[in-house]
Amino acid sequence: MLQRRQNPGPLAAGVGLCVLLIGVPLLVTQSGTWLGQSTSQSQTQEQLSLKNPKSAVLPLVSLSPTQRQVQLQAIAQLPVSEDRNRARYLLASDLIQQRQGETALSVLQGLEQDYPDLAAHIALKRAQAYALTGDKAKTVAAWQDLLKSYPNNPVSAEALFVLGQNEPKYWQQAIAQFPSHPRTIEIARLLLQQNPNQPQLMLLLAKHGYDQPGIVSVLDRLVNQYAAQLQPSDWEAIAFAYWENQVYDKGGAAYAKAPRAPLNLYRTGRGFQVGNKRLQAILAYQQLVSAFPNAKETGTALMQLAKMAERKEALTYLDQVINRFPDQAGAALVEKAAILEALQSKKSAAEARQLLLDQYGDSDAAAEYRWQMALAKAAAKDYQGAWQWAQTIPIRNPRNILAPRAGFWIGKWATQLGRKNDAKAAFEYVLSQFPQSYYAWRSAAILGLDVGNFNTVRQLNPEVVPPQRAALPAGSTTLQELYQLGQDQDAWTLWQAEFQNYMQPTVAEQFTDGLMHLARGKNLVGIAKISTLEDRETPAEKAEYQALNQQLSYWQARYPFPFLQEIEAWSQQRQLNPLLVTALIRQESRFEPEIRSVAGAVGLMQVMPSTGKWIAEKINLQQYNKENPNDNIQLGTWYLDHTHQEYNNHSLLAIASYNAGPGNVAKWLRQLNKSDPDEFVEAIPFEETKGYVRQVFGNYWNYLRLYNPEISQIVAKYSKAHPTLPTN
């Protein structure tokens, strides 16, 4: 339930199971011998079945090896089953992590026959366990057995890496057979350190290690020294690697030598354009227009040509877009109207805008034009006119970012006009149709739901149900199993070998890739990959995304919950809403502990060095590391508490101050309308801070609706009600 602040209960999964299994005898003797099944099996199995009819193991995945040891040992005594297999594999992995090789070998004995999905990885664990025992002969034999038994399985790359340290032929085999495997990437780097003049290894890194540190220097050396040896497909891989690393000018130059394709030609032009090579950019765009007149990239190229051309020539390019590319015609009409206005052709400009509304009213450009007109009317206090301009946006442009905003302000303007029922209907519509938006939270607050408001959200202490791992939508059965078991490094390694379509991934592949990044703590990249799925353009991809968009697992991946224990602990001590703290961290750092801003802010809550030093003196903290999650959250929550105290616990002002500083907030309080917080947000003169406030509270709302059962049920009820937007 959603409650006012009090001491929160434990959030760890599996607590009940832990209590259930207290008293189960240890299953491994001090000498490391595996004892097998005990006489209490049937009773324990019945208890486990009652506790978790689906799986007794999966709820333990989020616990540490020490926390789950007793439970896994108990499950591993049961008769052969999927759960027993999983328990034995997890237990062996934990023992290897704890450097107990002999005991791990006992647990692994004979497991391949019962657990074929992970047979190759069981062989891997056996080799790792032998390595811990110090028996070199048996270790080498285990690696060779893995290679012999599973020669075509990507996990064999691990054996090739180890064996190749003494026999170079194994490393060459890894390069030939498993080029995208992380171990092969490591091999390529090591060999290049020994001899940097190996273009094929540099090309391997360009194709499969484009996200590795230092890759840009490798690309530069490859291009500068070995250009004559490269094929068009090689140039495409190099160009993609440059592009992914945001080196667009060099990427454009490389795309110019790649196979002639619409995307490659467009990126050639765009790369030259970003690099201020105007003539080369124009030539590349013109080649695209000539060679692929109907490609969607051609419409975008024509828009770019219009930006670089003189006004009258630009009109020619824009007319081509309007006549041939209906999906981009709206944006072209807006540009055309602006040029005509500058040329003093006001009548023609008005006709262009009317055509935008009449024929391309579903376009993003039409939504943006309507919104600008609505804001102009509202500024003149013509709320009726503002409503009239805005009312079409949520219905005709539901995927546009302005849709929830327009729906919300229709409700606010209806309130100004004294039409309370229409205002209520508008807020209900936003909450039902755009539940993920910041404006859904604002609507819920105005409707009187107990979701916290700007001046009350600090005091709330919402119940939180931690997320459970959902199935991956792509990848092998082995990958799925490793991921479910929380074997994230092994799963990531396997995914790197399996994921070949990295230049143009399917929706399922990109979502899986995002989940794999999140699992290994690469939250910035993971969230970005998952969030940008909404930008897919083809009808099939849009449909696939819309289906994914309805799943809880997708939204929980966009709003993950790392560092929950530290956030809960320091939020409780500072008397802060833990979801508000989580929301701020997501906005500040995307949960990256070591991230640094251009200004020098560090870590999860982006603590400036001077601010961190000042806070440490205040709380008598002698030693701290701003890259350490616990230390950073300790410092950041103190400062967030401080900003709340400065503004009488008004979270809007506290969050704005966290971003823009108290001096700016003090100025805005003197200059802006304080009676209506929504008007205040709209009037914040710093676009960064205005967006920051919306993002943080939008994050807070999403964490609340995704992880708090009470609010989740309320939102679901509104969605099922299908309210309609009031018409003016």
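The structure we're discussing is the one just above.
All values reported here derive from a predicted model rather than from experimental measurement.

Peer 1: Before we move on, could you go through the overall build of the protein chain and cite the residues and values that matter?
Peer 2: Looking only at helices and strands, the protein chain features 42 helices and 0 strands. The C-alpha radius of gyration computed for the protein chain amounts to 29 Å, which stays within 12% of the reference 27 Å derived for 728 residues, consistent with globular compactness. Dimensions along the principal axes, computed over C-alpha positions, put the protein chain at roughly 90 × 70 × 50 Å. Counting over 728 residues, the protein chain shows a buried share of 53%. Put simply, 57% of the contacts in the protein chain that link residues at least 6 apart link residues at least 24 apart. Per element, the accessible surface of the protein chain, about 33300 Å² overall, is 49% carbon and sulfur. Positive and negative side-chain charges of the protein chain, numbering 69 and 64 respectively, have mean locations separated by a distance of 4 Å.

Peer 1: Explain the nonpolar core to me, using residue names and the numbers behind them.
Peer 2: Core analysis: the largest hydrophobic core is formed by 187 residues, its most contacted members being Ile-238 and Trp-701. With 10 residues, helix H41 (residues 687–707) is the single largest residue contributor to this core. Residues within four places of Trp-701 in sequence aside, it is in contact with Leu-431, Pro-435, Gln-436, Ser-437, Ala-440, Trp-441, Ala-444, Val-451, Ile-711 and Val-715. Counting 34 residues, the second largest nonpolar core, distinct from the first, contains Ile-282, Ala-301, Ala-314 and Phe-325.

Peer 1: I'd love a proper account of the packing of aromatic side chains, names of residues and values included.
Peer 2: Inspection of the entire model under this criterion finds 33 aromatic pairs. Aromatic pair Tyr-429 and Phe-434: ring centres 6.2 Å apart, planes at 70°, arrangement edge-to-face. A single burial state applies to Tyr-429 and to Phe-434, both of which are buried. Summarising the aromatic geometry, the rings of Trp-441 and Phe-697 are spaced 5.1 Å apart at their centres and angled 0° between planes, so their arrangement reads as stacked. Of this pair, Trp-441 sits in helix H27 (residues 438–446) while Phe-697 sits in helix H41, and the two are 256 residues apart along the sequence. For Trp-441, a relative accessible area of 0% corresponds to the buried category. Through successive ring pairs, a cluster of aromatic residues spans Trp-371, Phe-408, Trp-409, Trp-413, Phe-427, Tyr-438, Tyr-439, Trp-441, Phe-454, Phe-697 and Tyr-700. Lying across the ring of Trp-492, Arg-520 places its NZ or CZ 4.1 Å from the centre.

Peer 1: Give me the side chain of Arg-370: which residues, what numbers.
Peer 2: If you trace the backbone, Arg-370 turns up in helix H22 (residues 364–379). Here Gly-361 takes part through its backbone oxygen, which lies 3.1 Å from a polar atom of the side chain of Arg-370. Here Arg-370 is in contact with Leu-357, Gly-361, Trp-389, Thr-392, Ile-393, Arg-396 and Asn-397, once residues within four sequence places are set aside.

Peer 1: Mind laying out the pattern of salt bridges, listing which residues take part and the relevant values?
Peer 2: Enumeration over the complete set of coordinates arrives at 29 salt bridges. The residue Asp-362 makes a salt bridge to Arg-396 at a minimum N-O spacing of 2.6 Å. In this pair, Asp-362 sits in the loop between helix H21 (346–359) and H22 while Arg-396 sits in helix H24 (residues 393–396), placing the two residues 34 residues apart along the sequence. On the basis of relative accessible area, Arg-396 is assigned to the partly exposed category, the value being 33%. Three or more residues joined by partner-sharing salt bridges are found here, namely Lys-412, Arg-442, Asp-676 and Asp-678.

Peer 1: Explain the packing of helix H38 (residues 651–660) against H41 residue by residue, including any values.
Peer 2: Contact pair H38 / H41: the axes reach a minimum separation of 9 Å and the direction vectors enclose 125°. By the angle between their axes, H38 is oblique relative to H41. When you trace H38 past H41, the crossing you get is right-handed. Contacts between H38 and H41 involve Ser-651, Leu-652, Ile-655, Ala-656, Tyr-658, Asn-659 and Ala-660 on the former and, on the latter, Glu-688, Thr-689, Tyr-692, Val-693, Val-696 and Phe-697. When grouped by side-chain class, the residues that make up the contact of H38 with H41 number 9 nonpolar, 3 polar and 1 charged.

Peer 1: Let's hear about the environment of Arg-270: which residues, and what values?
Peer 2: Along the polypeptide, Arg-270 turns up in helix H16 (residues 262–274). Ignoring any residue separated from it by four or fewer positions in sequence, one finds Arg-270 in contact with Trp-243, Tyr-285 and Gln-304.

Peer 1: I'd love a proper account of helix H20 (residues 326–342), names of residues and values included.
Peer 2: Turn by turn, an α-helix covers 3.6 residues, leaving residues three or four places apart pointing in a common direction. Taking 1.5 Å as the rise per residue, H20 with 17 residues should run 24 Å; its terminal C-alpha atoms sit 25 Å apart, in good agreement. In the structure, H20 departs most strongly from a straight axis at Ala-332, where the bend amounts to approximately 25°. Every buried residue belonging to H20 is among Gln-328, Ala-329, Gly-330, Ala-332, Leu-333, Ala-337, Ile-339 and Leu-340, and all of these are buried. If you follow the buried residues of H20, they end up packed against helix H18 (296–308), helix H19 (311–324), H21 and H22. At the C-terminal side of H20, Gln-344 shows a positive phi close to 65°.

Peer 1: Go over the packing of helix H11 (residues 182–194) against helix H12 (residues 199–208) with me, naming the residues and quoting the values.
Peer 2: For the pair H11 and H12, interaxial distance at closest approach is 9 Å and the crossing angle is 145°. The hand of the H11/H12 crossing is left-handed. Counted together, Thr-184, Ile-185, Ala-188, Arg-189, Leu-191 and Leu-192 of H11 and Leu-201, Met-202, Leu-204, Leu-205 and His-208 of H12 form the full contact between these two elements.

Cut-offs applied
- Residues numbered from 1 in each chain as written.
- Predicted model: local features only at pLDDT ≥ 70, side-chain atom pairs only at ≥ 80, totals over all residues.
- Heavy atoms only, no water.
- Helix = DSSP H or I, 4+ residues; strand = E, 2+ residues; numbered from the N terminus.
- Rg over C-alpha atoms; globule rule 2.2 N^0.38 Å.
- Buried < 20%, exposed > 50% of the residue type's maximum accessible area, 1.4 Å probe, protein only.
- Contact = heavy atoms within 4.5 Å.
- Areas by Shrake-Rupley, 256 points an atom, 1.4 Å probe, with all protein chains shown as cover.
- Lys, Arg positive; Asp, Glu negative; His and termini not counted.
- Charge placed at Lys NZ, Arg CZ, Asp CG, Glu CD.
- Core = buried A, V, L, I, M, F, W, Y, C linked by side-chain atoms within 4.5 Å.
- Phe/Tyr/Trp six-rings, centres within 6.5 Å; stacked < 30°, edge-to-face > 60°.
- Lys NZ or Arg CZ within 6 Å of the ring centre and 35° of its normal.
- Polar contact = N/O pair within 3.5 Å; in protein donor to acceptor, adjacent residues only side chain to side chain.
- Salt bridge = Lys/Arg side-chain N within 4 Å of Asp/Glu carboxyl O.
- Axes fitted to C-alpha atoms, helices over the stretch in contact; angles between N-to-C directions.
- Parallel < 35°, antiparallel > 145°, perpendicular 65-115°, else oblique.
- Left-handed = near helix turned anticlockwise from the far one by under 90°.
- Nonpolar A, V, L, I, M, F, W, Y, C, P; charged D, E, K, R; others polar.
- Expected span 1.5 Å × (residues − 1).
- Bend = angle between axes of the 7 residues up to and from the residue.

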